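# Descriptive structure summary
Okay, here's what each chain looks like letter by letter:
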Amino acid sequence: MEKKGLDILSNTFKPEWRDILSRTPEGVKETSLALLKKHKDDALMDLQPIVLTQIVGSSEGVGAVLTEFVAGHPDRSILDVPRYLRRAMEQTETGRNAVVEALIKKYPDVLNAPADVQRKLSKSELGRTAVATELIKLHPDVLSAPLQVRKKLSTSELGRNAVSEALIKQHPDVLKAPPDVRKQLATSSHGRNAVSEALIKQHRDVL
């Protein structure tokens, strides 16, 4: 997006242009940054809800609002932010991660957390990693874990890597592993690296 001469908050910026911007991630971010700059000397939490929800449309906006909120309420977290604002924050990766971090702190036993909390954890890689970490502790032999556990492990990179590591131990010559094993290895970075290294070694040996 061309930023030079672009003042989306000016009266000369047409409403229909703002409407178009509001429908794109880049436009939402630009609006957030412009409002953040405009209100840099103001108490953000005192702004109107409609303005606040626009400000938290960027990671920078989420950080600024959350920093101010926690500074004024040191014993609280993003979970205590007004619900309308938290929902808006969760539209950004920074906001989702901040919510997940707070939920993990509040419910360290993530596997037994309330259903609505587990749903939120499942929506971010950070949350899925936290769940996978606990599942691996409970089922160190991941290949023998119940199907439901394997399904949950497959949703995080940590879980997929754990399964790949176990498969490689079973099939050290990954290039000769059964097709279904090769397929599983391809779903994780650890598995893909193992296959790539084996292919490179094989061709070097041939040469």
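Quick look at the structure, then. (Residues numbered from 1 in each chain as written. Predicted model: local features only at pLDDT ≥ 70, side-chain atom pairs only at ≥ 80, totals over all residues. Heavy atoms only, no water.)

Helix and strand content of the chain: 12 helices and zero strands. Helices and strands in the chain line up, N terminus first, as α-α-α-α-α-α-α-α-α-α-α-α. Classification of the 207 residues of the chain by burial places 33% in the buried group. Considering only residue pairs separated by 6 or more positions, the chain has 42% of its internal contacts joining residues 24 or more positions apart. Accessible area for the chain stands at about 13,200 Å²; split by element, carbon and sulfur atoms hold 54% of it. (Helix = DSSP H or I, 4+ residues; strand = E, 2+ residues; numbered from the N terminus. Buried < 20%, exposed > 50% of the residue type's maximum accessible area, 1.4 Å probe, protein only. Contact = heavy atoms within 4.5 Å. Areas by Shrake-Rupley, 256 points an atom, 1.4 Å probe, with all protein chains shown as cover.)

With respect to the helices, strands and loops of the structure, Ser-58 is situated in the loop between α3 (49-55) and α4 (59-72). In this structure Ser-58 comes out as buried when scored by relative accessible area, which is 2%. Once residues lying within four places of it in the same chain are set aside, the contact partners of Ser-58 are Lys-29, Ser-32, Leu-33 and Thr-92.

Here we take up the pattern of salt bridges. In the structure shown here, the tally under the stated rule is seven salt bridges. Across the salt bridge formed by Asp-41 and Lys-40, the nearest N and O atoms sit 3.3 Å from each other. Notably, a salt bridge pairs Arg-86 with Glu-90, separated by 3.5 Å at the nearest N-O pair. Members of the salt-bridge network, linked through shared partners, are Arg-86, Glu-90 and Lys-120. (Salt bridge = Lys/Arg side-chain N within 4 Å of Asp/Glu carboxyl O.)

Time to look at the nonpolar core. In terms of nonpolar packing, the biggest core is built from 46 residues, with Ile-55, Val-65, Ile-78 and Met-89 touching the most fellow members. Sequence-distant contacts of Met-89, that is, excluding residues within four places in its chain, are made with Val-56, Val-62, Val-65, Leu-66, Ile-78, Gly-95 and Arg-96. (Core = buried A, V, L, I, M, F, W, Y, C linked by side-chain atoms within 4.5 Å.)

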